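Each chain, letter by letter, is given below.
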Amino acid sequence: MRIGFTGTMSVGKTTLVNALKGIPEFKDYKFATERSAYLSSLGIPLNHETTLEGQTIFLAERVSEIMQEKIITDRTILDVMAFTRCADKINYTEYEKFINYASMFLEKYDYIFYISPEGIKAEDNGIRETNTIYRKKIDKTIQKSFFKYGGGRKWHTISGSTEERIEQITNFIQF
């Protein structure tokens, strides 16, 4: 099963993926978590400064994840699409072509769990963007991309504490 978490920065996606490592139903899964610090260290621009080349690397990572039979990841192709659309250095023609291509891979996920930023304060880890306007822009773009490119039964919104989110996830998933 391919399970991805989507949402803007600092909503607890990585924390949730790390918490799922202790759930017996997921003992045979691979877990993919935040790689932004590593990619930033390679000189790849992030957030609104990202480039088409940078987003291509992020897309390749997401596609390599969904090639796994059992994967839980703290980012999805929806996230890549949103950051591409909100980038200052990627023009309309480039992002439309890129997003249309990227969207073809969305069907590979068995479940996508969206986490809203409502009521969650952004934390500064030195890498992620903390600008509240940009954070909201990414969130709205993720939601619009989902509705434009589909997801059907695969998309679920989860909320609450980490424990409450885990309970919601295990209620949605058919083991």
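So, here is what we can say about the structure in this document. Everything numeric in this text was worked out from a predicted model, so none of it was measured. (Residues numbered from 1 in each chain as written. Predicted model: local features only at pLDDT ≥ 70, side-chain atom pairs only at ≥ 80, totals over all residues. Heavy atoms only, no water.)

**Concerning unusual backbone geometry**
Part 1 of the reasoning: Although it is not a glycine, Ser 10 adopts a positive phi angle of roughly 65°.
Part 2 of the reasoning: With respect to the helices, strands and loops of the structure, Ser 10 is situated in the loop between β1 (2–6) and α1 (13–20).
Part 3 of the reasoning: A residue is classified by how much of its surface remains accessible, and Ser 10, at 10% relative accessible area, is buried. (Helix = DSSP H or I, 4+ residues; strand = E, 2+ residues; numbered from the N terminus. Buried < 20%, exposed > 50% of the residue type's maximum accessible area, 1.4 Å probe, protein only.)

**A look at the pattern of salt bridges**
Any two side chains of opposite charge can pair, on the condition that their charged atoms come close.
Part 1 of the reasoning: For the structure shown, the criterion picks out 5 salt bridges.
Part 2 of the reasoning: Here Asp 28 ties to Lys 27 by a salt bridge, and the two come within 3.4 Å at their closest N and O atoms.
Part 3 of the reasoning: The residue Glu 65 makes a salt bridge to Arg 62 at a minimum N-O spacing of 3.1 Å. Here Arg 62 and Glu 65 lie together in helix α3 (residues 52–66), a separation of 3 residues that amounts to about one turn. Arg 62 shares its class with Glu 65; the two are buried.
Part 4 of the reasoning: Each member of the salt-bridge network shares a partner with another, and the members are Glu 61, Arg 62 and Glu 65. (Salt bridge = Lys/Arg side-chain N within 4 Å of Asp/Glu carboxyl O.)

Any functional reading would require information beyond the geometric quantities listed.
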